[in-house]
Amino acid sequence: MPGAGELRTAARALDPLWLRILANTSRQHGIRVPSLGFTGINFWAASTVGTVTADAPVSVQIRERRDGTATISVADPSRSVKSLTLTWKRPVASVLSKAPAVTGARTGSSLTLTFGDLSGSYGATHRVKVRTA
């Protein structure tokens, strides 16, 4: 008899929409897994994928939780980004915590985060936790 994990895997295999490919180009790769509240995007150049815009090449993960919070994680694997503006077109009520590299945060009908020099952080992840509206 199959276990719970095997049943979940089988259910995903039958559901062609459990994972959505948002982008697969030379400028960006992005996926969304709605059931997990997860979005993952690699920006190879400044661009927009779905509801996320980055003005520099970075990796972004967004994890939306059922408690009304979300964590936005940003990394600069290239170690070359001197500044970054990231916009998430999602209503956000407030910023609960932010990495020291975040130099500005604007909430409201969308979230705009400004980061300082990421090049010296050796590809480390910078996290921002927000309360969604």
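A brief report on the enclosed structure follows. These figures come from a predicted structure and were not determined experimentally.

Rules of the game
- Residues numbered from 1 in each chain as written.
- Predicted model: local features only at pLDDT ≥ 70, side-chain atom pairs only at ≥ 80, totals over all residues.
- Heavy atoms only, no water.
- Helix = DSSP H or I, 4+ residues; strand = E, 2+ residues; numbered from the N terminus.
- Buried < 20%, exposed > 50% of the residue type's maximum accessible area, 1.4 Å probe, protein only.
- Contact = heavy atoms within 4.5 Å.
- Core = buried A, V, L, I, M, F, W, Y, C linked by side-chain atoms within 4.5 Å.
- Polar contact = N/O pair within 3.5 Å; in protein donor to acceptor, adjacent residues only side chain to side chain.
- Pairing = 2+ DSSP bridges.
- Axes fitted to C-alpha atoms, helices over the stretch in contact; angles between N-to-C directions.

### Topic: the side chain of serine 73
Considering the arrangement of structural elements, one finds serine 73 in strand S7 (residues 69–75). With relative accessibility at 11%, the residue serine 73 sits in the buried group. With near-sequence residues (within four places) excluded, serine 73 lies in contact with Ser59, Val60, Gln61, Thr125, His126 and Arg127.

### Let's talk about the nonpolar core
Nonpolar side chains in soluble globular proteins tend to be buried together. Counting residues in hydrophobic clusters, the biggest one holds 27 residues, and the most contacted among them are Ile72, Val74, Leu84, Leu86, Trp88 and Phe115. If you list the elements that add at least two residues to this core, you get strand S3 (38–43), strand S5 (52–54), strand S6 (59–64), S7, strand S8 (84–88), strand S11 (111–115) and strand S12 (125–132). Apart from residues no more than four positions distant in its own chain, leucine 84 is found in contact with Ala54, Asp55, Ala56, Val58, Val74, Leu113, Thr114, Phe115, Gly116 and Leu118.

### Here we look at the environment of histidine 126
Tracing the backbone shows histidine 126 in strand S12. For the pair histidine 126 and isoleucine 72, spaced 54 residues apart in sequence, the C-alpha separation works out to 8.2 Å. Filtering out sequence-adjacent residues up to four positions away, histidine 126 remains in contact with Ile72, Ser73, Val74, Ala99, Ala101, Phe115, Leu118 and Ser121. Engagement of the side chain of histidine 126 in a polar contact is seen with the side chain of serine 121, the distance being 3.1 Å.

### Concerning the sheet that holds S5
Two orientations exist for strands paired in a sheet by backbone hydrogen bonds: parallel and antiparallel. If you walk across this open sheet you meet the 5 strands as S4-S5-S8-S11-S10, and the pairing is antiparallel. Looking at which strands have only one partner, the edges of the open sheet turn out to be strand S4 (47–49) and strand S10 (102–106). Across the sheet, the mean angle from the axis of one strand to that of its neighbour is 15 degrees, orientation sign disregarded. With 4 bridges joining them, S10 and S11 adopt antiparallel strand pairing. When the sheet's bridge partners are listed, arginine 106 is paired in S11 with threonine 112.

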